[in-house]
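Single-letter residue listing:
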Amino acid sequence: MAELKRLSAAEKPETLAQTLHDDGAAIVENVIDSAALAQLKSEIMPYVEATDLGRDDFTGRHTTRTGALVARSEMCRNLVMDRLILDGAKLFLKPFCERIQLHLTQLIRIQPGQVKQPLHRDRLAWGGFLQESIEPQFNTIWAVTDFTQENGATQVVPGSNHWKSGREATPDEIQYAEMKAGSVLIYSGSVIHSGGANTADHDRMGLNITYALGWLRQEENQYLSCPPHIAKDFDPELRDLLGYCMGSYALGYYTPPTGPGESPEVVPPEFLFSGKVTDWSDGDDLYKSVSQRSSESV
């Protein structure tokens, strides 16, 4: 049985990517400090406190899930762009895409009395239509409070990312992502996991930030949760992660809905912010790589 590994925040991104490939999950300890956590809480707790409880057994009847956090929180934006995590995500996902994107931001607060969430794989967001050989996600849960088995630490089954669909985990194969606030659980879209039961007298809060292949539909629609009038002031790399860039050579362009001749007819998303067609996100090189891959798959 694989063990849930604990990694240092000083690790290289390559180690994160390889560990997720091998085991499907790991804990990276002490990535952010108490000051960063305090800022995060101050920015998002008003929204968390105003969030309704889950609507069913999966979302959790004693659980709240608060989104749109890139638009709402500067610290969340910093965590999305954390170099260790982001570079690890790119290395892990790049075998399957040209670019990665932000799939989800969500503060999950498990309250006392919440039972265990059903075990699942997050890749089922796409309905089970993806080939098992394709890994679609690099997921994170940042511990905003300490995670313990008693307060609902995430259940995870290391190694289950290599299992064929249909195999269920036995109780002895399930481990708990117990960690201190400021640490982060990383896990793939193919690993079996779920929220734990909270039998304690306090909330367990985790920030779920997920990255996915750039050619897939996002779980959280970032164009609506973080529309252009908000995203325009962000770092261009963050805007790209939100999806305001070309996902591949011919994936994601648009036509500005203007009058005849008032703007170029076909432009990349960056046109929203610059008003210029400066490039097509690697243009010819990207076309060549896509064409080569297409010919190799025939």
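Scroll up to find the structure.
These remarks concern the structure in this document. Keep in mind the model is a prediction, meaning the values are calculated, not measured. (Residues numbered from 1 in each chain as written. Predicted model: local features only at pLDDT ≥ 70, side-chain atom pairs only at ≥ 80, totals over all residues. Heavy atoms only, no water.)

### Observations regarding the environment of Asp240
Alright, step 1. By the element assignment, Asp240 lies in helix H8 (residues 236-242).
Alright, step 2. Taking the C-alpha atoms as reference points, Asp240 and Arg167, 73 residues apart in sequence, are found 37 Å from one another.
Alright, step 3. With residues up to four places along the chain from it excluded, the contact list for Asp240 reads Cys245 and Glu270. (Helix = DSSP H or I, 4+ residues; strand = E, 2+ residues; numbered from the N terminus. Contact = heavy atoms within 4.5 Å.)

### What about the side chain of Gln218?
Alright, step 1. Residue placement: Gln218 occurs in the loop between strand E10 (204-213) and helix H6 (222-225).
Alright, step 2. Of the residues examined, Gln218 reaches a relative accessible area of 8% and is grouped as buried.
Alright, step 3. For Gln218, the side chain forms a polar contact with the main-chain oxygen of Leu102, separated by 3.0 Å.
Alright, step 4. Looking at Gln218, its side chain comes within polar contact range of the main-chain oxygen of Leu242, at 3.0 Å.
Alright, step 5. When neighbours within four sequence positions are excluded, Gln218 is seen to be in contact with Gln101, Leu102, His103, Tyr223, Leu241 and Leu242. (Buried < 20%, exposed > 50% of the residue type's maximum accessible area, 1.4 Å probe, protein only. Polar contact = N/O pair within 3.5 Å; in protein donor to acceptor, adjacent residues only side chain to side chain.)

### Considering the sheet that holds strand E5 (residues 137-143)
Alright, step 1. Taken in spatial order, the 7 strands of this open sheet run E1-E2-E8-E5-E10-E4-E3, and their pairing is mixed. What marks the edges here is a single partner per strand, and that holds for strand E1 (5-8) and strand E3 (63-66). Pairs of neighbouring strands in the sheet enclose a mean axial angle of 25°, with direction left out of account.
Alright, step 2. Pairing analysis gives 4 bridges linking E1 to strand E2 (residues 25-29), with the strands arranged parallel. Bridge pairing in E2 links Lys5 to Ala26.
Alright, step 3. Its contacts with the sheet place helix H1 (residues 13-23) against E1, E2, E5 and strand E8 (184-188), and it is angled at close to 150° to E2. (Pairing = 2+ DSSP bridges. Axes fitted to C-alpha atoms, helices over the stretch in contact; angles between N-to-C directions.)

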